[in-house]
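Report on the structure
So the chains spell out like this:
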Amino acid sequence: GKELADKLKEDKVDVIVSLVAKFGRNVVLDIFWETQKIEESGGLMIMNGARRRSSGGVLFHLLREIKDEKIRAKVEEFFEERQTSDSRRKKAVAVLKKKKLEKGVKEFIQESSLSEKDLVKKRNIVEQEQVFNISALFE
């Protein structure tokens with residue numbers, strides 16, 4: 001799977017590895033060789049013709065267009081699973097971003113309620129930590 005992703009110059013290595021796990025090495029290799037033929041003959045444009053598909057995009061397109069009914073059913077299942085997992089991942093990232101923002105807002109509120117003297121002390125502590133961190137690099 002990883003080798004195939006490298007040959008396709010595909011960033012989403014996990015997707016290619018999952019393809020091999022789901023369909024088997026031979027099925028994916030057959031589609032890979034078909035992808036290579038298409039790439040050698042100039043590639044495949046996206047639907048609106050604005051640009052060429054990536055090699056991985058050609059492979060996915062060929063998968064979706066496959067004639068074998070057994071494989072086609074697995075393809076639909078595969079993409080539904082990917083869509084579900086991508087959706088869960090995006091929700092998790094959104095939750096983490098929200099928590100980070102809330103933490104930043106709380107810190108801002110706490111800092112804004114500090115006196116100017118306290119703010120200067122805090123800034124000095126942060127600057128000392130930064131100097132310490134930088135000096136640790138040279139040890």
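Worth saying up front: this structure is predicted, and the values here are computed from it rather than measured.

Procedures and definitions
- Starting from 1, residues in each chain are numbered consecutively following that chain's sequence as written.
- Local features in this predicted model are restricted to residues whose pLDDT is 70 or higher, and side-chain atom pairs enter the listing and the counts only when it is 80 or higher, whereas totals over whole chains, interfaces and linings include all residues.
- To obtain the side-chain values, all non-hydrogen atoms of the structure were included, while hydrogens and water were left out.
- Note on geometry: axes are lines fitted to C-alpha atoms, helical ones only across the stretch in contact, with angles between N-to-C directions running from 0 to 180 degrees.
- In this description a helix means any DSSP run of H or I spanning at least four residues, a strand means any run of E spanning at least two, and both kinds are numbered starting from the N terminus.
- For classification purposes, angles smaller than 35 degrees are called roughly parallel, those larger than 145 roughly antiparallel, those between 65 and 115 roughly perpendicular, and all remaining angles oblique.
- By convention, the crossing between two helices is left-handed when the near helix turns anticlockwise from the far helix through less than a right angle, and right-handed when the turn is clockwise.
- Two residues qualify as a contact provided that any one of their heavy atoms is within 4.5 Å of a heavy atom in the partner residue.
- Each residue gets one of three labels, nonpolar for Ala, Val, Leu, Ile, Met, Phe, Trp, Tyr, Cys and Pro, charged for Asp, Glu, Lys and Arg, and polar for the others, Gly among them.
- Any Lys or Arg side-chain nitrogen found within 4 Å of a carboxyl oxygen on Asp or Glu counts as a salt bridge.
- Only protein chains enter the accessibility calculation, which uses a 1.4 Å probe; a residue whose area is less than 20% of its type maximum is buried, one above 50% is exposed, and one in between is partly exposed.
- Think of a 1 Å grid over the protein atoms and nothing else: a 1.4 Å probe that fits but is trapped marks a cavity, an open set flanked by protein within 12 Å on at least five of seven lines marks a pocket, and residues with an atom within 4 Å of a point count as lining.
- Grid points are joined across faces, edges and corners, and a volume is the space filled by probe spheres set on the points.
- Only buried Ala, Val, Leu, Ile, Met, Phe, Trp, Tyr and Cys residues count toward a nonpolar core, and they belong to the same one when joined by side-chain atoms within 4.5 Å.
- Stacked, tilted and edge-to-face pairs are distinguished by plane angle, under 30 degrees for stacked and over 60 for edge-to-face with tilted covering the rest, among Phe, Tyr and Trp rings (Trp via its six-membered ring) whose centres lie within 6.5 Å.
- Remark: a charge is flagged as sitting over a ring if the NZ atom of Lys or the CZ atom of Arg is within 6 Å of the ring centre and within 35 degrees of the ring normal.

**Notes on the packing of helix α2 (residues 13–23) against helix α4 (residues 55–64)**
For the pair α2 and α4, interaxial distance at closest approach is 12 Å and the crossing angle is 30°. One element, α2, and the other, α4, form an angle in the roughly parallel class. The handedness of the crossing between α2 and α4 is left-handed. In this structure, α2 uses Val15, Ile16, Leu19 and Phe23 to contact α4, whose residues at the interface are Leu59, Phe60 and Leu63. Split into classes, the residues belonging to the contact of α2 with α4 amount to seven nonpolar, no polar and no charged.

**A look at the pattern of salt bridges**
For the structure shown, the criterion picks out three salt bridges. For Lys22, the salt bridge goes to Glu77, with nearest N and O atoms at 2.3 Å. Pair noted here: Lys22 is in helix α2 and Glu77 is in helix α5 (residues 69–112), with a separation of 55 residues, a long-range link. Note that Lys22 and Glu81 form a salt bridge whose closest N and O atoms lie 3.5 Å from each other. Here Glu81 lies in helix α5 and Lys22 lies in helix α2, a separation of 59 residues in the sequence. For Glu81, a relative accessible area of 41% gives the class partly exposed. Salt bridges sharing common partners tie together Lys22, Glu77 and Glu81.

**Focus on the layout of surface pockets**
Estimated volume of the largest pocket: approximately 260 Å³. Lining the largest pocket, in full, are Lys12, Asp14, Val15, Phe60, Arg64, Phe79, Arg82, Gln83, Asp86 and Arg89. Taken together, the elements giving at least two residues each to the lining of the largest pocket come down to α2, α4 and α5. At five residues, the largest contribution of residues to the lining of the largest pocket is made by α5. In terms of residue class, the lining of the largest pocket is built from three nonpolar, one polar and six charged. For the second largest pocket, the calculated volume is near 180 Å³.

**Describing the nonpolar core**
Across soluble globular proteins, you tend to see nonpolar side chains buried next to one another. Counting residues in each nonpolar core, the largest one holds 22 residues, and the members touching the most others are Ile16, Leu19, Phe23, Leu59 and Phe60. Those elements that provide at least two residues to this core are α1 (2–8), α2, α3 (25–40), α4 and α5. Apart from residues no more than four positions distant in its own chain, Leu19 is found in contact with Gly24, Val28, Leu59, Phe60, Leu63 and Phe78.

**Some details on the packing of aromatic side chains**
Applying the stated rule across the entire model yields four aromatic pairs. Taking 6.0 Å as the distance between ring centres and 80° as the angle between the ring planes, the aromatic pair formed by Phe60 and Phe79 counts as edge-to-face. Of this pair, Phe60 sits in helix α4 while Phe79 sits in helix α5, and the two are 19 residues apart along the sequence. Classification of Phe79 as buried rests on a relative accessible area of 17%. One aromatic cluster is present, formed by Phe23, Phe60, Phe78 and Phe79 through successive ring pairs. Above the face of the Phe79 ring, Arg64 is positioned so that its terminal group lies 3.8 Å from the ring centre.

**Some remarks on unusual backbone geometry**
The backbone of Lys9 shows a phi angle near 55°, a positive value even though the residue is not glycine. For Lys9, a relative accessible area of 74% corresponds to the exposed category.

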